[in-house]
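Listed below are the residues making up each chain.
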Amino acid sequence: MSAAAGRGWFGNAGTIARRELRGGLAGFRIFLLCLALGVAAIAAVGSVRVSITDGLAREGRILLGGDAEVEFGYRRADPGERAYLEGLGTVSEVVDFRSMVATGQGAEADRALTQVKAVDGLYPLTGEIELDPPMPIAEALADDGAILHPVLADRLALEPGDAIFLGTKRLTLRALVTREPDAGGASFGLGPRTIVATEALEGSGLIAEGSLFDTDYRIAMPDATDDDLDRLREATRAEFAEAGTRWRDRRNASPAVQRFVERIGSFLVLVGLAGLAVGGVGVSAAVRAYLDRKTEVIATLKTLGAEGRTIFAAYMMQIGVLALAGIAGGLILGTIIPLVAGPLIQSLLPVPVALGVHPLPLLEAAIYGALTALIFTLWPLARTEQVRAASLFRDATGSVRVWPRRRYLVTLAVAVAALIGLSAWLSGIPTLALWSAGGIVAALAALVLAAIGVRALARRLARTRLARGRPALRLALGAVGGPGGDATAVVLSLGLGLTVLAAVGQIDANMRAAIDRDLPAVAPSYFFIDIQPDQLPGFLETVEGDPAVSRVDTAPMLGAVVKSIGGRPAAEFDHWVTRGDRRISFADAPGSGTRIVAGEFWPEGYDGPPQISFAREEAEELGIALGDEVTVNVLGRDITGTVTSFREVDFSSGGIGFVIVFDAAALRGAPHTWLSTVYADPEAEARLLRAVAGDAPNITAIRVRDAIDLVTEALSALAAATSWGAGATLLTGFVVLVGAAAAGERGRIFEAAVLKTIGATRPTILASFALRSALLGAAAGIVAIAGGALAGWGIMRFVMEAPYAFEWVSATAIVLGGAVATLLAGLLFAWRPLATRPARVLRAQE
Amino acid sequence: MSLSLAGNAGVVDILHDITLEVAAKDTLGLVGPSGSGKSSLLMLMGGLERATSGEVEALGHDLTTMDEDALARFRRSHMGVVFQSFHLIPTMTALENVATPLELAGQAGAFDRAAAELDAVGLGHRTGHYPAQMSGGEQQRVALARAAAPRPDILLADEPTGNLDQATGEAIMDLLFGLRDRHGATLVLVTHSPRLADRCDRVVRLVDGRLDTDSRRAAEAAE
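As a convention, each chain's residues are numbered from 1 in the sequence order in which they are written. All chains are assigned letters beginning at A, and all ligands numbers beginning at 1, according to the order in which they are written. Residues qualify for local features only when their pLDDT is at least 70, as the model is predicted, and side-chain atom pairs are given and counted only at 80 or more; totals for whole chains, interfaces and linings, by contrast, use all residues. The side-chain quantities take in all heavy atoms of the structure and omit both hydrogens and water.

## Here we look at the overall build of chain B
A run of H or I in DSSP counts as a helix once it spans at least four residues, and a run of E counts as a strand once it spans at least two, with each numbered from the N terminus. Across its full length, chain B carries eight helices and ten strands. Partly exposed residues are those whose accessible area sits between 20% and 50% of the maximum for their type, while under 20% is buried and over 50% is exposed, using a 1.4 Å probe and protein chains only. Split into buried and exposed, the 223 residues of chain B put 55% on the buried side. Note on definitions: a residue-residue contact is assigned when non-hydrogen atoms from the two residues lie within 4.5 Å. Considering only residue pairs separated by 6 or more positions, chain B has 65% of its internal contacts joining residues 24 or more positions apart. Residue exposure ignores everything except the shown protein chains as possible cover, and the areas themselves are Shrake-Rupley values with a 1.4 Å probe. With an accessible surface of roughly 9100 Å², chain B has 48% of that area assigned to carbon and sulfur atoms. Across chain B, the mean location of the 20 positive side-chain charges is 3 Å away from that of the 31 negative side-chain charges. Here Asp and Glu are counted as negative and Lys and Arg as positive; His is not counted, and neither are the chain ends. Where a charge lies is defined by one atom per residue type: Lys uses NZ, Arg uses CZ, Asp uses CG and Glu uses CD.

Now the structure itself:
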């Protein structure tokens, strides 16, 4: 038996592959670049995500301010509870609340919203606080001292040594905080930080019964293992079952930041997958072009006796080696980018980042890359089996246009399912992942259809009077619509990138419109909180007496924690209503704007067992039915009520809206404060604030415009992150485009030579090249806008639940951008066709 | 006139001191072994290649002083070129291929004339087909129609039957000479075939880039 026979078909395939690869990688630059860019984007996003979550985990103890924290809502621990906590380790108490810091007292003082942290002598239990000027924190807080965030000091033009007021309490500003170790654990708040000693707040009138404050007990247990923490968590939950407390430990120090980072990261990976799909188009085009060039070789090999599977395996191996090279390049790039951009990333985040090489996100990116490469190359590869030896003797350039065998189609389907399933599983946001995958597949299908449509339209137009006598236009239409054109590759590559960008543009513009235009028209000027019951008449007199005030709404408010719903513990529900503290209210009668949509609101003066009116939409999401019991904990006491009605609550109006409203008799006796929304002319806002704060310095005013700005800012950051992701997709699209233009260069050189021979001048030829590029780019742009608008509508309607309006500015920019990008890519490869002498080209083809 | 081209192996002298005058309405056959410079000479005559030295004059115009665009405009008014490999534009139908030079010349009714021209070469029924959908002989007929459509003063043909079987080749030559006769154009034909050369009024033989022999057809010579 000969050596070759002994090797078998697979060995022969390997030999052929090795020999073919000796021919070099010419024509595979785009293939490698497309794959590398897509993999790099996903690897980089994944690495940064893991860097942040690792950083959060590593620094969890410092971010949390202890190994564990037990939070009491709206009260401090009683002596018994405190004793229990001290049994666990060293305990430090931090009281956290929102208030106003003022430069003086009375109506003339300047005021700003602040998040106050009142600390004991042990703060910070973990980590170091840095002050400017440098001094120990004990010195800064001694004798009614205070520390402010530099932003706050700037806003009020304060310097160390100046007097400040919190409520009625006069304090002295001693230092500015330049590094607050446990700041990352706090949610991104409206007010910059003020730090004072807890005892300094005595007499401020700020921490009264019913006020909205949290008390956090940080516990240092340096020797506690994770198992210990699990055990202690359960024990503490059992101990404080009735107290309405929440446990956090160093392993989830910043759940809000972590959740935000995970979501953004997952979302960007999905955008990255769109980029990889765009790259896949380029990969597929490169493989097709390569195999078209190899038709003669394949036919020759068949003539020499190579079986279909040998040929398939030989080329699969070659493409496989190249794919591995592309993926490896992408992984290297995806590892380097976060390391290089590390300082920038760190400066943008309020939390530590553990930048480094993280194998898991790299593995994830590699798998995505490999599956994408398989999906986009299998089809052309499978067709190598069907190249007939006879093509040597007939038209060797005519490629085979038949369906691949069933086993390849099945493999393809499995690979697509694996990619989609994997992205749904690994992203942690399966619904969005599936929708995105569906969106990408639908967009690709729409783009293929669009390409077919554009080509058919171009063929039609080329034969109409419009094109007659305009040779440049007809040449362009002929090139778009005729056989062998690059229309499909261009529309696909550019179209998908532009679709992502268009969707981002539509969503961003609609979100901004919803916030900027719709909300302020109906939103109040101020939320006033912490109004003590005895201050309410005076407050109402002040605001209602102001002629600029058009409307005042008030409602009692209590801090509560939802304990159980319909007998199931709240922890079983993954919903914002059951997460953390919940402000609830009580009422004797439905307010004037209340709309009851099911059940009946209790009658005025009702004094029976507690009843609850629940917000309709949230009730539906939580699966609450009329008659269900809901238990909340108010200041350590459980109160159970029966849901007897559902109300329509529109949170987007900016007015008062509570998910849970009890009957008045159930909660009237509980310590509570009042919330008021005041609608006033914008120019009266400052005067109103001074009037209210001058009378009652403990009342906190939240300017709605500031809150909106904060949301807008967060949205801008989100839009920016998404735009970067879409930008990466577009960059890949442009690479594919350049690849398509480069691949088409030979064709255009030939075409230009023939055209020159039959009398076309260079301006005519250039105009024709430019026209065809612009036509294809505009076509891709138009499909992108349709796709983007559809995605934008879907997101606004079903995710944001806000109205959608088509946004023209970004849409127009995208069509123009698409045309310009294709034009640039086309013109980049136009000079050679224009410069080459016809004889050289035409002789070479003889 | 001379022609040298730079290649990978250095500068190659293709044509050496050629002096050749072709009378209007004459038919000239350029013959010679492979690599003798026949096609290069034809390309120079068509302004598709630029002479290294000397002058190329056509219809009283010095082609060597014209830029690329002026040459293109000159060709569309006065020249038709046919190649061995047809060189049709693959993204255009037969009709569009033939109409393009007419459109480029700004002629009215380009499509009607193109259709008539295709009819004349027997392809009136295939106007909507793309080159890839046609046989070699059909493609060459389209190329002929394209070259003849603008009624050129000069027809240049570079081995137009080189890629065709003998019968098809004969048919193409009949068409070529028929077109020439109908329009009264000057025809320069590069060919390997002595039979085709024999159909020309005059035959010039090139060897190693130099003029070797220049003979008139016997009948004419006798006149």
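Following the structure, the description resumes.
## Details of the domain arrangement of chain A
As assigned here, chain A comprises domain 1 (1–58 + 257–428), domain 2 (60–252), domain 3 (440–524 + 702–846) and domain 4 (549–680). Each domain span listed reflects an automatic or database assignment of domains. When each unit is reduced to the centre of its C-alpha atoms, the spacing between domain 3 of chain A and domain 4 of chain A is 51 Å.

## With respect to the nonpolar core
We call a set of buried residues a nonpolar core when its members are Ala, Val, Leu, Ile, Met, Phe, Trp, Tyr or Cys and they connect through side-chain atoms within 4.5 Å of each other. Core analysis: the biggest nonpolar cluster contains 103 residues, and Phe31(A), Tyr315(A), Leu331(A), Tyr368(A) and Leu496(A) have the highest contact counts within it. Sorting elements by how many residues they give to this core places helix H8 (residues 255–293) of chain A first, with 16 residues. Each of domain 1 (1–58 + 257–428) and domain 3 (440–524 + 702–846) of chain A contributes no fewer than three residues to this core. Leu496(A) has contacts with Ala274(A), Ala277(A), Val278(A), Ile440(A), Ala443(A), Leu444(A), Leu447(A) and Val491(A), leaving out every residue within four places of it along the chain. Formed by 48 residues, the second largest nonpolar core is a distinct cluster that contains Val841(A), Met43(B), Met45(B) and Met92(B).

## A short note on the side chain of Ser613(A)
Residues and elements named next belong to chain A. Checked against the element boundaries, Ser613 lands in strand S16 (residues 611–615). Owing to a relative accessible area of 0%, Ser613 belongs among the buried residues under this scheme. Contacts described as polar in this section are N or O atom pairs within 3.5 Å, which, within protein, must combine one atom able to donate a hydrogen with one able to accept it, while residues neighboring in sequence count only if both atoms come from side chains. Only 2.8 Å separates the side chain of Ser613 from the side chain of Arg647, close enough to count as a polar contact. Those residues within four positions of Ser613 in sequence are excluded, and the remaining contacts are Ile596, Phe601, Trp602, Ser645, Arg647, Val659, Ile660 and Val661.

## Looking at the side chain of Glu685(A)
Residue and element names in this part refer to chain A. In this fold, Glu685 is placed in helix H20 (residues 685–695). Among the polar contacts listed, one links the side chain of Glu685 to the side chain of Ser525, at a separation of 3.5 Å. With sequence-adjacent residues up to four places away left out, Glu685 is seen in contact with Ser525, Tyr526 and Arg703.

## What to know about the interface of chain A and chain B
Each partner contributes residues to the interface: chain A has 36 residues there, and chain B has 36 residues. What gets called buried area is simply the loss in accessible area from a 1.4 Å probe that two parts show on being joined, summed for both. Counting the surface lost from both chain A and chain B, the interface buries some 3300 Å², and carbon and sulfur atoms represent 57% of this. Salt-bridge detection follows one rule: a side-chain nitrogen of Lys or Arg within 4 Å of a carboxyl oxygen of Asp or Glu. Two residues, Glu68(B) and Lys756(A), come together in a salt bridge whose shortest N-O distance is 3.2 Å. Applying the counting rule to chain A against chain B returns nine residue pairs in polar contact (both at pLDDT 80 or more). When contributions to the side of chain A that touches chain B are tallied by element, the ones reaching two or more residues are helix H14 (430–462), helix H15 (471–481), helix H22 (745–757), helix H23 (762–799) and helix H26 (838–845) of chain A.

## Quick look at the environment of Val820(A)
Its location among the elements puts Val820(A) in helix H24 (residues 808–828). Note: C-alpha distance between Val820(A) and Gly777(A) (43 residues apart in sequence) is 7.2 Å.

## Section: helix H6 (residues 166–183) of chain B
The periodicity of an α-helix, 3.6 residues per turn, causes residues three or four places apart in sequence to face the same way. Residues and elements named next belong to chain B. Multiplying 1.5 Å by the residue count of a helix minus one yields the expected span of that helix. The terminal C-alpha atoms of H6 lie 26 Å apart, and with 18 residues this matches the ideal 26 Å at 1.5 Å per residue to within 8%. The complete set of buried residues in H6 reads Gly169, Ile172, Met173, Leu175, Leu176, Phe177, Leu179 and Arg180. Where H6 is buried, its residues contact strand S3 (27–31), helix H4 (110–120), helix H5 (136–148), strand S7 (154–158), strand S8 (186–190) and helix H7 (194–197). By the N-cap criterion, in which a side-chain oxygen at the helix start approaches the backbone nitrogen of a residue two or three places on, H6 is capped by Asp165, the distance to Ala167 being 3.1 Å. Directly after H6, the chain includes Gly184, whose backbone phi takes a positive value near 65°.

## Details of the pairing of strand S2 (residues 10–15) of chain B
Residue and element names in this part refer to chain B. As paired elements, strand S1 (residues 3–7) and S2 share five bridges and run antiparallel to each other. By the bridge assignment, Ala6 is partnered in S2 with Val11. Pairing between two strands is assigned when DSSP locates at least 2 bridges connecting them. In this structure, the hairpin formed by S1 and S2 is closed by a connection of two residues.

## As for the packing of helix H2 (residues 29–58) of chain A against helix H10 (residues 308–340) of chain A
Residue and element names in this part refer to chain A. Geometry is summarised by axes, namely lines fitted to C-alpha atoms with helices restricted to the contacting stretch, and by angles between N-to-C directions that run from 0 to 180 degrees. Their axes nearest at 7 Å, the elements H2 and H10 cross at an angle of 40°. In this view, H2 runs oblique relative to H10, as classed from their interaxial angle. Considering the relative orientation of H2 and H10, their crossing is right-handed. Gly counts as polar in this scheme, as do all residues outside two lists: the nonpolar Ala, Val, Leu, Ile, Met, Phe, Trp, Tyr, Cys and Pro, and the charged Asp, Glu, Lys and Arg. Split by residue class, the contact of H2 with H10 holds 18 nonpolar, five polar and no charged. Here is the rule for angles: anything less than 35 degrees is roughly parallel, anything more than 145 is roughly antiparallel, 65 through 115 is roughly perpendicular, and the remaining ranges are oblique. Left-handed describes a crossing whose near helix is turned anticlockwise from the far helix through less than a right angle; right-handed describes the clockwise counterpart.

## A short note on helix H13 (residues 406–427) of chain A
Residues and elements named next belong to chain A. Its 22 residues place the ends of H13 31 Å apart at the C-alpha level, agreeing with the 32 Å of an ideal helix rising 1.5 Å per residue. Along H13, the positions that sit buried rather than exposed are Tyr408, Leu412, Ala415, Leu419, Leu422, Ser423, Ala424 and Ser427. Each element contacted by the buried residues of H13 is listed here: H2, H8, H10, helix H12 (359–382) and H14.

## As for the packing of aromatic side chains
Residue and element names in this part refer to chain A. When two rings of Phe, Tyr or Trp (its six-membered ring) have centres within 6.5 Å they constitute a pair, described as stacked for plane angles under 30 degrees, edge-to-face for angles over 60, and tilted for the intermediate range. Counted under the stated rule, the structure contains eleven aromatic pairs over all chains. An aromatic cluster is present here, built from Phe28, Phe31, Tyr290 and Tyr315 joined pairwise through their rings. For a ring to carry a charge above it, either NZ of a lysine or CZ of an arginine must fall within 6 Å of the ring centroid while also lying within 35 degrees of the normal to the ring plane. Here the guanidinium or amino end of Arg568 rests over the ring plane of Phe573, the centre of that ring lying 4.4 Å away. The side chain of Arg748 reaches across the aromatic face of Phe769, ending 6.0 Å from its centre.

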